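One-letter residues, chain by chain:
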Amino acid sequence: MIFLLHFLLNHEDLFRILPECLLTLTGVLVMLLDATLPPGWARRPLGWVAAFGTTLALWGSLFQLSLPEGTGFYGTVETSAFTVFFHVLICGIVLVALLLSLDTLPEKSHHQGEFYALIVFSAVGMCLLTGAVELLLVFIALEISSIATYILAGYRKHTVRGPEAAIKYFLLGSFATAFLLYGIAMIFGATGTTQIYEIARLVPAAQNHSFILVGLGLMLVGILFKVSAAPFHVWTPDVYEGSPTPVVALMSTAPKAAAFALLLRVVYEMLPTLRSVWQPLLWVVAVLSMTVGNLAALRQQNVKRMLAYSAIAHAGYLLAAFAGLESSGIAAASFYTAAYAAMNVGIFAVVTLVSGYDEKLPLINDYRGLIYRSPLLGSLLIFFLISLIGIPFTGGFFGKFYSFAAAVGGGAIWLAIIGLLNSGLAAAYYLRLVLVAAQRPDLDGEAKSAPLQGAPRVGAAVIAALAMVVIATLVLGIMPNDVLHAAESGAHTLQIPPDEISTPVIVVEPQQQP
Amino acid sequence: MNQINQSILTLILLLPLAGAVLVALAPDRFKLPNWIALVTTLLTFGLTLHLPAHFNPTQPGFQFVIDIPWIQSPAIHYHVGVDGLSLWLVVLVGLLAPIGVVASWNAIRERRKLFFTLFLIQQTAMLGVFFSLDLMVYYGFWELSLVPMAILIAMYGRKNGPKAALKFFLFTFIPSAPLLVAILWLYTQTGSFDFTTLQILIAHGNFPTGALFWTALAFLFAFAVKVPVFPLHGWLADTFSEAPVALAMVVAGKLGLYSMLRFHIGLFPEQARAVAPVLVGLAVVGILYGACLALVQRDFWRLMAFAALSHLSLITLGIYGLTLTGWEGAVYQILSHGVVDGALFLLLGVLYDRYATSQINAYGGLAAKLPRTATFFVIASLAMIGLPMLGSFVGEFLILVGTFTGVSKGWAIAASLGVILSAAYMLWLVQRLFFGPESALAISKPPDDLRLGQLAVLWPLTALMLVMGVAPMLWLPTIATGTHPPPMHVQTITTPSQVEVQR
């Protein structure tokens, strides 16, 4: 123990990747235990081990706040308020996903230990992605998280859709990562470095301007694929439909949060001088995403596919924040990722509990009378849908509010109008589900009004997970101050290279008088 | 007492919410949800009466103000207060709530907990709209008021609940998108969501006129759908024929009309002047169109919907006539229309519960079997028509006088035609429901007149109609402090020539 402490004190750099280290140790421990435990023993406790390790990692990221801001490992990994914000968010999502899987995975499902380990390993990659300030490390982190998610997507390999989802996700995802890598190569070619701060310093004076533009474009393709923004969204509904629902809860939020953190870093920190190039691009992608997502979602009959298209639309709302200035745009986007994560994990948790691991009830019409058959799940479903619509006093409202406020502040009034009209359109399909759940079941005869069949048990872990997301959604909707502060101090550290950072100052919205 | 005055508005907002929590936790036995809801709404009504009791009519501006920073960035304050304009509207909302509970007493037979929980949340949202002086808080309550309403229509609707709920929600949710953008744009220009600050800044600031015009129009559009103003009334008839009685009473009019006065004319007096002629025209069309359609309806809920369109258009006319008389009449008419509509809906609800049809021609000759119902219905109908000595006469008269002197004689005459038509459809409705030969339906059920609970509500309401008709001076001076100077203290920001004051 003393040796370990001594080792840590001599290697201060390790503190810069403390959550990643803790998560890796947890993942390895879970895998080893899985391999060494006798075959007959239940693997479920391994889930608790993973959840415990994730909680430790969450604590570890909060601990990083006490470190002086700066980089470690030769300027490749950064810790700042920005990285801590996303670390805490990602660890929180992973924790909820683990708790959700604990109670919903079938008792005798194969490779349960691997499942937990893979979730933890994907968290390692996502955390590293938000902290990396070196493009090659960015690539490695992205691969770590992606490969784990590819496997998780195909976890139900006895079904038809499971392997299909995994293969689709893998093939398209590999292409996207390849695009990202080409982009990195182009930018390296133009500037001779892969360190983000160095690039930011060199870009204004760079000779090969077209290289940088092509590089930026290719990197954007790779990142926008990961956040499932249109026109790079085609994989989303199929993958969501085929993957186990707790995994969808994870991969519709955490990798997106990490990818948005990367996007913020690339556009605002690495290439702020090219704002005139990336801002119109992201404007178009934002409008496309929300419109395509919402129009397609209107026609869905399958709940998971509908939510997949809704996720695409939400990526669009979030991208609207990029039309804002640094001061409000970064904070708004960070806040939105948090609000979106809370409500989206919540709705997928409810979907998991309603339809079960085998998804016996995949269609919207299967939810008829849910509130009569299971008042708790019905109310929670309606609650999260209301938040997704963006009704005030829920997290979804302030997410949209900050995002569109940033857009209006940046002068993109039309983007805000299109966005808000889109959220009216979105209300139609969310409300359809609300109304189906609220409908009297007796309209369709006795069979439908029976209590939920084969629903997973609602144990302590699930209760804890649901409580976490409900509280998060409410807190973000009623008392968003603290989270917003965290997002703003994060935004502040992102705007200034680390050698100029003194103490984090809260950026407050400009209060100019006309 | 000072202590109470400082927190009374928060108390009024929290009380229904606390009741909602209590209903949600209490077991669904012995009509417990009904009783909790009734006690809560009565207490809330009692608290709202505290406001006029301690309101100081000589003091300009907002009273009972609470202003606490809520969110630092952007600067959103929990800023609430009432003035002469909102004072009595708040009391009206308080009064209608227990009536709504009584109207739902027997009508809601299953899932009572959910019904009353949502009903009480709806109550908080509506009160919040009238209290808010911060545009974001206002917007929050405005949006929040949609959700319980939509769910209640969907779950407790008569036949096509979900369809009507979707229609209602989309009709009112989509226009609030431009509203939010407009609010955000104002914030980026001024750095404030505060009503009074914005009022002064808009009057003095150098805004691009084009943008300000569109901002004002976005506000107006959201409110006009909510009222509704012709031709944006598509949701009204379906909502009225599906919504539970308690909600039909509160759904139309008040919120939208109040918001027009406070936030459209109050914030953008010049832009409102620019569009006022259009609205006057639409209002008159709405009066006549609604009245004509009400004449030909076979279903009494739909008849009430188009009658409401006609009457609400008259109030819109009073508002956009931009005369002080018209404004006073408009606010008075909102109050009176609320009371009268409340009584009529309660009575129609009683009929519907007993005979399970809203087809007018199925009824007939009920007066002999249900004398009390018939009597109250006739009185309320006469009040609705605007018979002198009853509440609506005062409001309608003031509005028509305002229009006649301040806008144009032609519009006033056209609007008066609507009043005549309203006599036609209301009296014809009374005749078809209560007089003539007894229909098969009337014979099929044993006579079962109004019960004690319903009488306990209808007597005070009828008395109120009468008092409002003969003693309008009990209300008008307070209302005048809110409308004079023109909605909210505009005298500090507009020269008299900009708002032509005619009396």
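Residues numbered from 1 in each chain as written. Chains lettered and ligands numbered in written order. Predicted model: local features only at pLDDT ≥ 70, side-chain atom pairs only at ≥ 80, totals over all residues.

Here we take up the overall build of chain A. Along chain A, the regular secondary structure elements total 22 helices and 2 strands. Computed over the C-alpha atoms, the radius of gyration of chain A is 22 Å, within 12% of the 24 Å expected from 2.2 N^0.38 for a compact globule of 514 residues. Overall size of chain A, expressed as C-alpha extent along the three principal axes, is 75 × 60 × 40 Å. Evaluated residue by residue, chain A yields a buried proportion of 61% over its 514 residues. For chain A, the proportion of contacts with a sequence separation of at least 24, taken over those separated by at least 6, is 79%. (Helix = DSSP H or I, 4+ residues; strand = E, 2+ residues; numbered from the N terminus. Rg over C-alpha atoms; globule rule 2.2 N^0.38 Å. Buried ≥ 20, exposed ≤ 12 C-beta atoms within 10 Å, placed from the backbone. Contact = placed C-beta atoms within 7 Å.)

Here we take up helix 2 (residues 32–53) of chain B. All names here are of chain B. Spanning 22 residues, helix 2 covers 32 Å between terminal C-alpha atoms, matching the ideal 32 Å at 1.5 Å per step. All of the buried residues along helix 2 are P33, N34, I36, A37, L38, T40, T41, T44, T48 and L51. Elements in contact with the buried residues of helix 2: helix 1 (2–25), strand 1 (63–71), strand 2 (76–82), helix 3 (84–104) and helix 4 (112–131). (Expected span 1.5 Å × (residues − 1).)

Residue and element names in this part refer to chain B. As paired elements, strand 1 and strand 2 share 6 bridges and run antiparallel to each other. Counted as the bridge partner of I68 is Y78 from strand 2. Hairpin connection of strand 1 to strand 2: 4 residues between the antiparallel strands. (Pairing = 2+ DSSP bridges.)

In this section: the nonpolar core. Membership of the largest hydrophobic core comes to 399 residues, with the highest contact counts inside it found for I90, I119 and A416 of chain A together with V181 of chain B. Top contributing element to this core by residue count: helix 16 (residues 326–355) of chain A, with 20 residues. Ignoring anything within four residues of it in the chain, the contact list for I90 of chain A reads A123, M126, C127, A254, A257 and A258 of chain A. (Core = buried A, V, L, I, M, F, W, Y, C linked by C-beta atoms within 7 Å.)

Another aspect to go through is the packing of helix 13 (residues 254–265) of chain B against helix 15 (residues 300–320) of chain B. Residues and elements named next belong to chain B. Between helix 13 and helix 15, whose axes approach to 11 Å, the crossing angle comes to 5°. Overall, the two elements helix 13 and helix 15 adopt an arrangement that is roughly parallel. Within the contact between the two elements, helix 13 uses L257, M260 and L261 and helix 15 uses I315, T316 and I319. The class makeup of the residues in the contact of helix 13 with helix 15 is 5 nonpolar, 1 polar and no charged. (Axes fitted to C-alpha atoms, helices over the stretch in contact; angles between N-to-C directions. Parallel < 35°, antiparallel > 145°, perpendicular 65-115°, else oblique. Nonpolar A, V, L, I, M, F, W, Y, C, P; charged D, E, K, R; others polar.)

A few words on unusual backbone geometry. Residue P228 of chain B is reached from V227 of chain B by a cis peptide bond, and omega for that bond is -5°. Looking at where P228 of chain B falls in the secondary structure, it is placed in the loop between helix 10 (209–226) and helix 11 (236–242). Note the cis peptide between F230 of chain B and P231 of chain B, where omega equals 0°. Among the structural elements, P231 of chain B can be located in the loop between helix 10 and helix 11. Of note in this structure, F73 of chain A is not a glycine but carries a positive phi near 50°. Assignment of secondary structure puts F73 of chain A in the loop between strand 1 (70–72) and strand 2 (77–79).

Turning to the packing of helix 14 (residues 269–296) of chain B against helix 19 (residues 409–434) of chain B, a few remarks are in order. All names here are of chain B. Where helix 14 meets helix 19, the closest approach of the two axes is 9 Å, and the angle between their N-to-C directions is 20°. One element, helix 14, and the other, helix 19, form an angle in the roughly parallel class. Handedness of the helix 14/helix 19 crossing: left-handed. Facing helix 14, whose interface residues are V280, V284, I287, L288, A291, C292, A294 and L295, helix 19 presents W411, A414, A415, L417, G418, L421, S422, A424 and Y425. Partitioned by chemical class, the residues of the contact of helix 14 with helix 19 number 15 nonpolar, 2 polar and no charged. (Left-handed = near helix turned anticlockwise from the far one by under 90°.)

With that out of the way, let us pick up the interface of chain A and chain B. Of the residues lining the interface, 33 residues belong to chain A; the matching set on chain B comes to 34 residues. For the side of chain A that touches chain B, the elements supplying multiple residues, two or more each, are helix 19 (395–409), helix 20 (413–438) and helix 22 (481–495) of chain A. The element best represented in the side of chain A that touches chain B is helix 20 of chain A, accounting for 13 residues. Counted by class, the side of chain A that touches chain B contains 23 nonpolar, 8 polar and 2 charged residues.

In this section: the environment of V248 of chain A. All names here are of chain A. Tracing the sequence through the fold places V248 in helix 12 (residues 245–251). Sequence separation between V248 and A308 is 60 residues, and the spatial gap between their C-alpha atoms is 9.2 Å. Among residues more than four places away in sequence, those in contact with V248 are Y240, S243, K304 and F348.

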